[in-house]
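# A look at the structure
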Amino acid sequence: MNTLKWLLRREFWEHKGSMFWTPLVVAGILLATMGSSMIFGLAKHGVHMTINGHPVHQATVFRALPMDLRSDVISMITSGYLAVSAPLFMMLAIVVFFYCLGALYDERRDRSILFWKSLPTSDEMTVLSKVLTAVIVTPVITMAFAVAVSLLMVVLTCAALAVNGVNLFGDVLASPQLYLAPLALASLLPVYALWAAPTIGWLMLVSGWARSKVFLWAVGTPLVTLVIAKWVSLTLSQTTGSDMSGLMAFMQDVVARALTGIVPGIWFSYKDIDPSLLLNTAHKGLDLGAVVAQSWGTLAGPDAWIGVAAGVAMIFGAIRLRRWRDEG
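Residues numbered from 1 in each chain as written. Predicted model: local features only at pLDDT ≥ 70, side-chain atom pairs only at ≥ 80, totals over all residues. Heavy atoms only, no water.

### Thoughts on the nonpolar core
- Membership of the largest hydrophobic core comes to 75 residues, with the highest contact counts inside it found for Leu88, Cys100, Ile200, Trp202 and Ile262.
- Of the residues forming this core, the biggest block, 13 residues, is contributed by helix H8 (residues 123-163).
- Residues contacting isoleucine 200, with those up to four places away along its chain left out, are Cys100, Ala134, Val135 and Ile262. (Core = buried A, V, L, I, M, F, W, Y, C linked by side-chain atoms within 4.5 Å. Buried < 20%, exposed > 50% of the residue type's maximum accessible area, 1.4 Å probe, protein only. Helix = DSSP H or I, 4+ residues; strand = E, 2+ residues; numbered from the N terminus. Contact = heavy atoms within 4.5 Å.)

Below you can see the structure in the form of structure tokens.
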């Protein structure tokens, strides 16, 4: 365990720019752009609302709302405030993609693999540290920045409204959803790791095998295979009249699992989930419990676990490749 800890530290130190500074910069840009836009808009136009056809302005806005509508506004703020950090999770997919793609290739290219193999660390432990960095360390860092920037946006929003005479601090801070949202986000980490397994396994396998042009091999091979399968299915359907739609759907699913599994929330696209199920009964915002339940529910059935098995097999292949393939 001590060896694994130092290997994880090594991965973080070597990729601190993409794992730490990149989300920090993106979070800063989000906070600066969204915060300044919101504050400028409120400062210029104030807070306006129309209730029953009568305009209500600034300090009377929130007090004029009925209690049920007042609670709806608070619920929407506290249950959906993490949505402002969505660009961070899109950046997470890009960071994990290129990290896995270069994880084994870069150390062969710069010959540092000779140094690392001289240390008392096994290939299994080294590759495992890279996998854990991709599915745990990097997402946890991104989650921390996402929660931080989202909470700062809530504070800025409440402060800007308070300047205009609408004080929401007490109601927002008293809402349990404000504190449950980060916990709900953290509970999705195992789901992300399992759905990301086939993509991480594929990228690691290509990283350990390719001599050059690693990106083209990783992306081009599945896409070319899909194009060939499409051409074969069209040819067979025209010559034999057989229905090849099932084969094409299978191939498209395989390619998608190989390339997009590291995108947070991608599991919803593999299951026909009604988006309304993710909202509470009165459509007052996101239902955090439903989001967590539906996410974990996508693991029921063979689709997710077949992908996990394929990912584990490809990671095992990457370990074998690292053991024997050390040329630059």
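Moving on from the model shown.
### Some thoughts on the UniProt feature "transmembrane region" (unreviewed entry) in the protein
- Here, UniProt's "transmembrane region" (unreviewed entry) annotation points to residues 20-43, 80-105, 140-166, 178-195, 215-233 and 304-321.
- Structurally, residues 304-321 is divided into 100% helix and 0% strand, and its ends, taken at the C-alpha atoms, are 26 Å apart. (UniProt positions renumbered as here; feature names shortened; annotations may be inferred.)

### A word on empty space enclosed by the protein
- Inspection of every chain in the model, using the stated rule, returns one cavity of 30 Å³ or more.
- Each pocket or cavity is described by its volume, and for the largest cavity that value is around 40 Å³.
- Along its surface, the largest cavity is lined by Ser18, Met19, Pro23, Leu88, Met91, Leu92, Val95, Thr138 and Thr142.
- Broken down by secondary-structure element, the contributors of at least two residues to the lining of the largest cavity are helix H2 (16-45), helix H5 (86-103) and H8.
- For the lining of the largest cavity, the residue count by class is six nonpolar, three polar and no charged. (1 Å grid on protein atoms, 1.4 Å probe; cavity = no way out; pocket = protein on both sides within 12 Å on 5 of 7 lines; lining within 4 Å. Points joined across faces, edges and corners; volume = space filled by probe spheres on them. Nonpolar A, V, L, I, M, F, W, Y, C, P; charged D, E, K, R; others polar.)

### So, the pattern of salt bridges
- This model, assessed by the stated rule, comprises six salt bridges.
- Between arginine 10 and glutamate 107 there is a salt bridge, and its shortest N-O distance comes to 3.4 Å. One end of the pair, arginine 10, is in helix H1 (residues 2-14); the other, glutamate 107, is in helix H6 (residues 105-109), with 97 residues separating them in the sequence.
- Among the residues examined, arginine 10 registers a relative accessible area of 6% and is labelled buried.
- By relative accessible area, glutamate 107 is classed as buried at 4%.
- Members of the salt-bridge network, linked through shared partners, are Arg10, Glu11, Glu14, Glu107, Asp123, Lys130 and Arg322. (Salt bridge = Lys/Arg side-chain N within 4 Å of Asp/Glu carboxyl O.)

### Observations regarding the packing of aromatic side chains
- With the rule as written, the count across this model stands at nine aromatic pairs.
- With a centroid separation of 6.1 Å and an interplanar angle of 10°, the aromatic rings of phenylalanine 98 and phenylalanine 215 are classed as stacked. With phenylalanine 98 in helix H5 and phenylalanine 215 in helix H12 (residues 214-240), this residue pair connects regions lying 117 residues apart in the sequence.
- With a relative accessible area of 48%, phenylalanine 98 lands in the partly exposed category. (Phe/Tyr/Trp six-rings, centres within 6.5 Å; stacked < 30°, edge-to-face > 60°.)

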